[in-house]
Amino acid sequence: MRVAIFASGNGSNFAHLVEHFRGHAKVDIVLLICDRAGAYVLERAEALQIPSICIRPKEFANKSEYELAIIQQLEAYAVDWIVLAGYMRLVGPTLLHRYSHRIINLHPALLPAFPGKDAIEQAYSYGVKVTGVTVHYVDEGMDTGPIILQEAVPIVEGESLEALSEKIHEVEHRLLPKAVELLATSEVQCQGRRVHLNSSKTIEGEKSSR
Ligand code: GAR
């Protein structure tokens, strides 16, 4: 499984993925794609010795041209899976069709609650008692694809937004590598919206996708 990570900002999830899969038998993180010049994740990639490419949408006539430029790089690195880890942009049909059922996304809330941007803050402001983290397949909607893994995070009385954000990130740093690991080592079947993971396969076994 040759994986490209897409990220737009800080990149803590990118760094955890890289550390988790160093020397892994089935998963190779081969590339970082970033859509923002100067994003801290680019520095992280350099420090972690992962090739990175910054491709800015502004430099292209439209989204399709932008995504074609990304695809060119993904093909150059023989990427077969994409993980969106803090990539703050909707994936368009061009990339979606080329990597059909091979793009997953990390979201900092329990979908379908609080999709879109600032999900931690949305949940906090709403006053929910439980929020969490979701890893899901990407489809054409905003955070609407079939769910692979979720973990709940309680919001305790008097907790600050900063404290909640920290708790969410801690869960993300565990849950996203776990989801990638499952995709690499399990039989995955998608029946409608339901994702079935059969992790009976050993790490040495043959990989299959959904
Ligand atoms: C993460 O919390 C991720 O769930 C969120 O951006 C953050 C990136 O953190 N993604 C979204 O909100 C996507 N809708 P990081 O840059 O430190 O990995």
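Look up: the structure comes first, before these words.
Calculation criteria
- Residues numbered from 1 in each chain as written.
- Predicted model: local features only at pLDDT ≥ 70, side-chain atom pairs only at ≥ 80, totals over all residues.
- Heavy atoms only, no water.
- Salt bridge = Lys/Arg side-chain N within 4 Å of Asp/Glu carboxyl O.
- Buried < 20%, exposed > 50% of the residue type's maximum accessible area, 1.4 Å probe, protein only.
- Helix = DSSP H or I, 4+ residues; strand = E, 2+ residues; numbered from the N terminus.
- Axes fitted to C-alpha atoms, helices over the stretch in contact; angles between N-to-C directions.
- Parallel < 35°, antiparallel > 145°, perpendicular 65-115°, else oblique.
- Left-handed = near helix turned anticlockwise from the far one by under 90°.
- Contact = heavy atoms within 4.5 Å.
- Nonpolar A, V, L, I, M, F, W, Y, C, P; charged D, E, K, R; others polar.
- Expected span 1.5 Å × (residues − 1).
- Near = heavy atom within 4 Å.
- Areas by Shrake-Rupley, 256 points an atom, 1.4 Å probe, with all protein chains shown as cover.
- Polar contact = N/O pair within 3.5 Å; in protein donor to acceptor, adjacent residues only side chain to side chain.

*Asks:* How should I be thinking about the pattern of salt bridges in this particular structure?
*Replies:* Where side chains of opposite charge bring their charged atoms close, a pairing between them can arise. Using the criterion set out here, one finds six salt bridges in the structure. Its salt-bridge partner being Arg-56, residue Glu-59 comes within 2.8 Å of it at the nearest N-O pair. The exposure class assigned to Arg-56 is partly exposed, which follows from its relative accessible area of 31%. The closest approach of N and O atoms between Arg-98 and Glu-75, which form a salt bridge, is 2.7 Å. Note that Arg-98 is positioned in helix α4 (residues 93-98) and Glu-75 in helix α3 (residues 63-76), a separation of 23 residues in sequence. We classify Arg-98 as partly exposed; its relative accessible area is 38%.

*Asks:* How should I be thinking about the packing of helix α5 (residues 119-126) against helix α6 (residues 161-185) in this particular structure?
*Replies:* Each pair of packed helices gets described by two things: the angle between the helix axes and the distance between those axes. Between α5 and α6, the shortest axis-to-axis distance is 10 Å and the interhelical angle comes to 130 degrees. Classified by the angle between their axes, α5 and α6 sit oblique to one another. By crossing handedness, the relation of α5 to α6 is classed as right-handed. Facing Ile-120, Glu-121 and Tyr-124 of α5, the residues of α6 in contact are Leu-161, Leu-164, Ser-165, Ile-168 and His-169. Within the contact of α5 with α6, the residues separate by chemical class into five nonpolar, two polar and one charged.

*Asks:* Sorry if this is basic, but what is going on with α3 here?
*Replies:* At 3.6 residues per turn, the α-helix brings residues three or four places apart onto the same side. Here α3 contains 14 residues, and its C-alpha end-to-end distance of 20 Å stays within 8% of the 20 Å for a straight helix at 1.5 Å per residue. Turning to α3, its buried residues number three or more, namely Tyr-66, Glu-67, Ala-69, Ile-70, Ile-71 and Leu-74. Next to the buried residues of α3 lie β1 (2-7), β2 (28-34), β4 (81-84) and α4.

*Asks:* It is not clear to me how the site of the ligand should be interpreted in this structure. Could you clarify?
*Replies:* Near the ligand you find Asn-10, Gly-11, Ser-12, Asn-13, Gly-86, Met-88, Leu-106, His-107, Pro-108, Gly-116, His-169 and Glu-172, and these make up its full shell. Protein contact buries 90% of the 450 Å² of open area that the ligand shows by itself. Contributing elements (two or more residues each) for the shell around the ligand: α1 (12-21), β5 (103-107) and α6. Counted by class, the shell around the ligand contains three nonpolar, eight polar and one charged residues.

*Asks:* How should the side chain of Ser-186 be read in this particular structure?
*Replies:* Positionally, Ser-186 belongs in the loop between α6 and β8 (187-191). Given a relative accessible area of 0%, Ser-186 falls into the buried group. Here the side chain of Ser-186 touches Leu-182 through a polar contact of 2.7 Å, landing on its backbone oxygen.

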